[in-house]
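Tertiary structure, described
These are the residues of each chain, in order.
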Amino acid sequence: MRDAEERLRAALMKVPSGLAEHVLRVVDEATRLAVIHGIDVEAARIAALGHDLLRAHSGARLLGIAEEQGRVLDVAERLEPVLMHGPLAVPILREQYGLADADMLGAVATYTTAAPGMSRLQKLLFVADKIEPHKLERREPMRRVYELAEEDLDAAMAAYLDHHIVVALERRWPLHPHTVAARNELLADERSAST
């Protein structure tokens, strides 16, 4: 995995500097959370390095990549192609960077929208992306997500998804069905744990 990490770090040199800086902040946050939660640090670091591999592409280019990959698009993905940049990176990470670990690839695939059935690593990357320091400075509700993330990744995800859904409704953003399903699963888990 060392080779993949080096190649992903080299790929950061080709993206806009603000995006590269974001990725490195997410790497730091993912590493910190992995230590706290006893999750494989190297896996967290590599997933974080690959999570925004396609983020700099335009919506039109993402739609083109989706077509090349034969991806069947959800309505939300057609309306907001940026939602696909994580999932679309998975085949590239597998084929061009040699990443074979299903959990790491799943983390990249689910970090934009969340999904039901996420592993601890996948939840970690999802949360780390949302609470990196620059986002904390810009969005006050992320402070609560940050605090929860130190104790409970599920609670942090639920808090983020609650906030995101409210903002999406206010701004008339499409909601991806995976986002809704992930939130519903978290609610069901929370309710079954309290009974």
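Summary of the structure given here. Every chain begins its residue count from 1, and numbering advances along the sequence as written. Residue-level local features of this predicted model are given only where pLDDT is at least 70; pairs of side-chain atoms are given and counted only at 80 or more, and the full residue set underlies all totals for whole chains, interfaces and linings. Only hydrogens and water are set aside when side-chain values are computed; all heavy atoms of the structure are taken into account.

**A word on the packing of aromatic side chains**
- Only Phe, Tyr and Trp rings take part, Trp by its six-membered ring, and two of them pair if their centres are within 6.5 Å. Stacked means planes under 30 degrees apart, edge-to-face means over 60, and tilted covers everything else. Applying the stated criterion across every chain yields a total of one aromatic pair.
- Measuring from ring centre to ring centre gives 5.5 Å for Phe 126 and Tyr 160, while their planes differ by 80°; the resulting arrangement is edge-to-face. Separated by 34 residues along the polypeptide, Phe 126 in helix 8 (residues 120-131) and Tyr 160 in helix 11 (residues 153-171) bring together distant segments of the chain. There is no split in this pair, since Phe 126 and Tyr 160 are both buried.
- Only when the NZ of Lys or the CZ of Arg is both within 6 Å of the ring centre and within 35 degrees of the ring normal is a charge said to sit over the ring. Geometry around Tyr 160 places Lys 130 over its ring, the cationic atom sitting 5.7 Å from the centre.
- Across from the ring centre of Tyr 146, 5.7 Å away, lies the NZ or CZ of Arg 143, which sits over that ring. Helix numbering and strand numbering both begin at the N terminus, where a helix is a DSSP run of H or I of at least 4 residues and a strand a DSSP run of E of at least 2. To sort residues, take the accessible area from a 1.4 Å probe on protein chains only and compare it with the maximum for the residue type: under 20% means buried, over 50% means exposed, and anything in between is partly exposed.

**Focus: the side chain of Thr 110**
- With respect to the helices, strands and loops of the structure, Thr 110 is situated in helix 7 (residues 102-110).
- Between two residues, a contact is recorded if the distance between any of their heavy atoms is within 4.5 Å. When residues no more than four places from it in sequence are discounted, the contact partners of Thr 110 are Ala 115, Met 118, Gln 122 and Phe 126.

**A look at helix 8**
- Across its 12 residues, helix 8 extends 16 Å between first and last C-alpha, which sits within 8% of the 16 Å expected from 1.5 Å per residue.
- Among the 12 residues that make up helix 8, 11 are buried, leaving the element largely enclosed by the rest of the structure.
- Burial in helix 8 covers these residues: Leu 121, Gln 122, Lys 123, Leu 124, Leu 125, Phe 126, Val 127, Ala 128, Asp 129, Lys 130 and Ile 131. To estimate how far a helix should extend, the number of its residues minus one is multiplied by 1.5 Å.

**Comments concerning the nonpolar core**
- What is meant by a nonpolar core is a set of buried Ala, Val, Leu, Ile, Met, Phe, Trp, Tyr and Cys residues, joined one to another through side-chain atoms within 4.5 Å. The biggest cluster of nonpolar side chains holds 61 residues, and the ones touching the most others in it are Leu 93 and Val 127.
- Excluding residues within four positions of it along the chain, Leu 93 makes contact with Leu 8, Gly 50, Leu 53, Gly 98, Leu 99, Leu 105 and Val 108.

**Some thoughts on the packing of helix 1 (residues 2-11) against helix 6 (residues 85-97)**
- An axis is simply a line fitted to the C-alpha atoms; with a helix, the fit covers only the stretch in contact. Between two such axes, the angle follows the N-to-C directions and lies from 0 to 180 degrees. Taken N-terminus to C-terminus, the directions of helix 1 and helix 6 make an angle of 120°; their axes are 11 Å apart at the nearest point. The orientation of helix 1 with respect to helix 6, classified from their angle, is oblique. Crossing of helix 1 against helix 6: the hand is right-handed. Facing Ala 4, Arg 7, Leu 8 and Ala 11 of helix 1, the residues of helix 6 in contact are Leu 93, Gln 96 and Tyr 97.
- Amino acid classes used here: Ala, Val, Leu, Ile, Met, Phe, Trp, Tyr, Cys and Pro are nonpolar; Asp, Glu, Lys and Arg are charged; the rest, including Gly, are polar. When the residues that make up the contact of helix 1 with helix 6 are grouped by side-chain class, the tally is five nonpolar, one polar and one charged. Any angle from 65 to 115 degrees is called roughly perpendicular, while one under 35 is roughly parallel, one over 145 is roughly antiparallel, and all others are oblique. Note on convention: near helix rotated counterclockwise from far helix by under a right angle means a left-handed crossing. Clockwise means right-handed.

**As for unusual backbone geometry**
- Phi angles above zero are rare outside glycine, and Ala 114 is one such case at about 70°.
- In this structure, Ala 114 sits in the loop between helix 7 and helix 8.
- Its identity is not glycine, yet Arg 172 carries a phi of approximately 60°, on the positive side.
- Tracing the chain through its elements places Arg 172 in the loop between helix 11 and helix 12 (177-193).
- Look at Arg 172 and you get exposed, because its relative accessible area is 77%.

**What to know about the pattern of salt bridges**
- What counts as a salt bridge is simple: a side-chain nitrogen of Lys or Arg found within 4 Å of a carboxyl oxygen of Asp or Glu. Counting across every chain of the model gives 11 salt bridges.
- A salt bridge links Arg 32 to Glu 29, with the shortest nitrogen-to-oxygen separation between them at 2.5 Å. Of this pair, Arg 32 and Glu 29 both sit in helix 2 (residues 17-37), three residues apart, roughly one helical turn.
- Judged by relative accessible area, Glu 29 falls into the buried class, the value being 6%.
- Salt-bridge contacts for Glu 77 lead to Arg 71; the nearest nitrogen and oxygen are separated by 2.5 Å.

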